[in-house]
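Residue strings, one per chain:
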Amino acid sequence: MNLELHGKTVLVAASSEGLGFATAQAALQEGSRVWIGSRDANKVTEALSRLRNNQSGEQKQNKEVQVDGYPLDVTRADSIATWVAEARSRYGEAIDALVVNSGGPPPGLFADFDDQAWQGAFELLLLSAVRLVRACLPGLAVRGGAALIVSSTSVTEPIEGLILSNALRSATVAMAKTLSRELAPRGIRINCLAPGRFATGRVERIDAAAAERMHCSPEEARRKAEAAIPLGRYGTTEEFGRTACFLISPAASYMTGQLVTIDGGMTRGTW
Ligand SMILES: NC(=O)c1ccc[n+]([C@@H]2O[C@H](COP(=O)([O-])OP(=O)(O)OC[C@H]3O[C@@H](n4cnc5c(N)ncnc54)[C@H](OP(=O)(O)O)[C@@H]3O)[C@@H](O)[C@H]2O)c1
């Protein structure tokens, strides 16, 4: 299938590693002009060289297929404004796709968090999505683009010990669903993609913490987590990137307001 992403401008937030990086990589492979960003400028530079090194010789020659980036902290309005303005000055007014992503909020129980922690999670997961979409709307309206919010299976099946993620990500999905109806007449789509467990640095850290609690090795903790997944393994970041690219692409032109789950069958609910 041709995703028709060739020459399209794709902005991916929080993309120096993990799921965001894999999405940027997949879009680049599809021939898009990709814009990345995350808080640490060195990590952005390293990610850019990895992305460029992975390009084929033919792609490197093609001026339409490019990748560049700029530091971005999705919790700061000024940083989002600068990141989007820099993308525009590099690639022009039109934005064909925006991928909203961030780091995850800290794990913990209700009793662990004060107002400041809740405020931080609100800014990280909900307000960042509001601000990123708002900043990109003029660009998305030029040719009728798509936004995709990276979510979690915690919105359909709350995960124990992740109360901040469970609560705020659900609010973000509700915002996206509502917004999808407002944006549809302008030809702009918005969807959410909910990963289960993918092999990223974040999940490695989660497995290491679980291993300490269970007095076993991180490998053993991972095997136990994988045993709860019907497909029997964590997803690869490439699998996530490909699905994300489908959802932002014209190939998904009739999909909007949807929460798509990608979890190897892990969640048990029918809906
Ligand atoms: N991996 C999974 O299986 C899984 C499952 C469910 C949900 N999720 C969620 O999906 C998102 C991505 O997960 P991941 O596993 O790819 O995480 P990761 O491996 O920790 O990577 C996170 C990326 O986001 C950047 N980042 C973190 N905070 C940021 C901020 N405030 N502003 C801009 N960039 C920021 C990081 O770079 P810097 O350090 O340079 O900022 C890094 O590039 C997270 O919200 C996570 O909770 C992941």
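Parameters at a glance
Positions within a chain are numbered from 1, following the residues in the order the chain's sequence is written. pLDDT decides what is reported in this predicted model: residues at 70 or higher carry local features, side-chain atom pairs at 80 or more are listed and counted, and totals for whole chains, interfaces and linings draw on all residues regardless. Side-chain metrics rest on all non-hydrogen atoms present in the structure, leaving aside hydrogens and water. Each residue is placed in one exposure class: buried if its accessible area under a 1.4 Å probe, protein chains only, is under 20% of its type's maximum, exposed if it is over 50%, and partly exposed if it falls in between. Helix numbering and strand numbering both begin at the N terminus, where a helix is a DSSP run of H or I of at least 4 residues and a strand a DSSP run of E of at least 2. Being paired, for any two strands, means DSSP has found at least two bridges between them. By convention in these notes, a salt bridge is any Lys or Arg side-chain nitrogen within 4 Å of a carboxyl oxygen on Asp or Glu. Comment: axis = line fitted to C-alpha atoms, over the contacting stretch for helices; angle = value between 0 and 180 degrees taken between N-to-C directions. Contacts are assigned to residue pairs with any non-hydrogen atoms lying within 4.5 Å of each other. We call a residue near a molecule or strand as soon as one heavy atom of that residue lies within 4 Å of the molecule or strand. Pairing of N or O atoms within 3.5 Å defines a polar contact, subject to two protein rules: one partner must be a possible hydrogen donor and the other a possible acceptor, and residues neighboring in sequence count only if both atoms are side-chain atoms. The Shrake-Rupley method, run with a 1.4 Å probe sphere, supplies the accessible areas, and residue values consider only the shown protein chains as cover. Basically, the charged four are Asp, Glu, Lys and Arg, the nonpolar ten are Ala, Val, Leu, Ile, Met, Phe, Trp, Tyr, Cys and Pro, and anything else, Gly included, counts as polar. Residue count minus one, scaled by 1.5 Å, sets the expected span of a helix. What fixes the domain bounds is an automatic or database domain assignment. Summed over both partners, the accessible surface that disappears when two parts come together, traced with a 1.4 Å probe, is what is meant by buried area. Here a crossover is taken to be right-handed if, once the strands point away from the viewer, the path from the first strand over the helix to the second is traced clockwise.

## Focus: the pairing of strand β2 (residues 33–37)
- Of all 5 residues making up β2, 5 are buried, and the element is well covered by its neighbours.
- Side chains of β2 alternate between two faces, with Arg-33, Trp-35 and Gly-37 and Val-34 and Ile-36 buried alike.
- Inspection of the sheet shows strand β1 (residues 9–13) paired to β2 by 5 bridges, in the parallel sense. Directly across from Val-12, in β2, lies its bridge partner Ile-36.

## Section: the pattern of salt bridges
- Overall, the coordinates contain 10 salt bridges when judged by the stated rule.
- Residue Arg-197 pairs with Asp-207 through a salt bridge whose shortest N-O separation is 2.9 Å. Here Arg-197 is found in the loop between β6 (189–195) and α7 (201–214), whereas its partner Asp-207 is found in helix α7, with 10 residues between them in sequence.
- Using a relative accessible area of 23% as the deciding quantity, one classes Arg-197 as partly exposed.
- Each member of the salt-bridge network shares a partner with another, and the members are Arg-52, Asp-68 and Arg-90.

## Some remarks on the sheet that holds β2
- Taking strand neighbours across the sheet as the criterion, the 7 strands line up as β3-β2-β1-β4-β5-β6-β7 in an open arrangement whose pairing is parallel. Because the sheet does not close on itself, it has two edges, and the strands there are β3 (67–69) and β7 (259–262). Strand-to-strand, the axes of this sheet are offset by a mean angle of 20°, without reference to chain direction.
- Docked against the sheet, helix α4 (residues 77–91) engages β1, β2, β3 and β4 (97–100), running at close to 155° with respect to β2.
- The sheet strands contacting helix α5 (residues 115–143) are β1, β4, β5 (146–150) and β6, and the helix crosses β4 at an angle near 170°.

## Some thoughts on unusual backbone geometry
- Of note, Ala-14 is a non-glycine position whose phi angle comes to about 50°, a positive value.
- Locating Ala-14 in the fold gives a position in the loop between β1 and α1 (18–29).
- In this model, His-215 sits at a positive phi of 50°, which is unusual for a non-glycine residue.

## Quick notes on the site of the ligand
- Close to the ligand lie 29 residues; Ser-38, Arg-39, Lys-43, Phe-198 and Thr-200 are nearest.
- Leu-19 is positioned with one of its backbone polar atoms (N or O) 2.7 Å from an oxygen atom of the ligand.
- A distance of 3.5 Å is found between an oxygen atom of the ligand and a backbone nitrogen or oxygen belonging to Gly-104.
- About the coverage of the ligand: the protein hides 94% of its 890 Å² of free accessible area.
- The set of elements that each furnish at least two residues to the shell around the ligand consists of α1 and α7.
- Here the shell around the ligand is composed, by residue class, of 8 nonpolar, 12 polar and 9 charged.

## Details of helix α6 (residues 163–183)
- Taking 1.5 Å as the rise per residue, α6 with 21 residues should run 30 Å; its terminal C-alpha atoms sit 30 Å apart, in good agreement.
- Those residues of α6 that sit buried are Leu-164, Ser-165, Asn-166, Leu-168, Arg-169, Thr-172, Val-173, Met-175, Ala-176, Leu-179, Ser-180 and Leu-183.
- Lining the buried residues of α6 we find α5, β5, β6 and β7.

## Notes on the domain arrangement of the protein
- Assigned domains within the protein: domain 1 (9–197 + 236–262) and domain 2 (199–234).
- Centre-to-centre, using C-alpha coordinates, domain 1 lies 25 Å away from domain 2.
- Counting from both sides, the interface comprises 8 residues of domain 1 and, opposite them, 10 residues of domain 2.
- Across the domain 1/domain 2 interface, buried area totals approximately 750 Å², and carbon plus sulfur atoms make up 50% of it.

## Some points on the pairing of β6
- Of all 7 residues that make up β6, 7 are buried, and the element is covered over most of its length.
- Taken together, β5, α6 and β6 form a β-α-β motif whose crossover is right-handed.
- Pairing between β6 and β7: 4 bridges, direction parallel. Along β7, the bridge assignment pairs Cys-192 with Leu-259.

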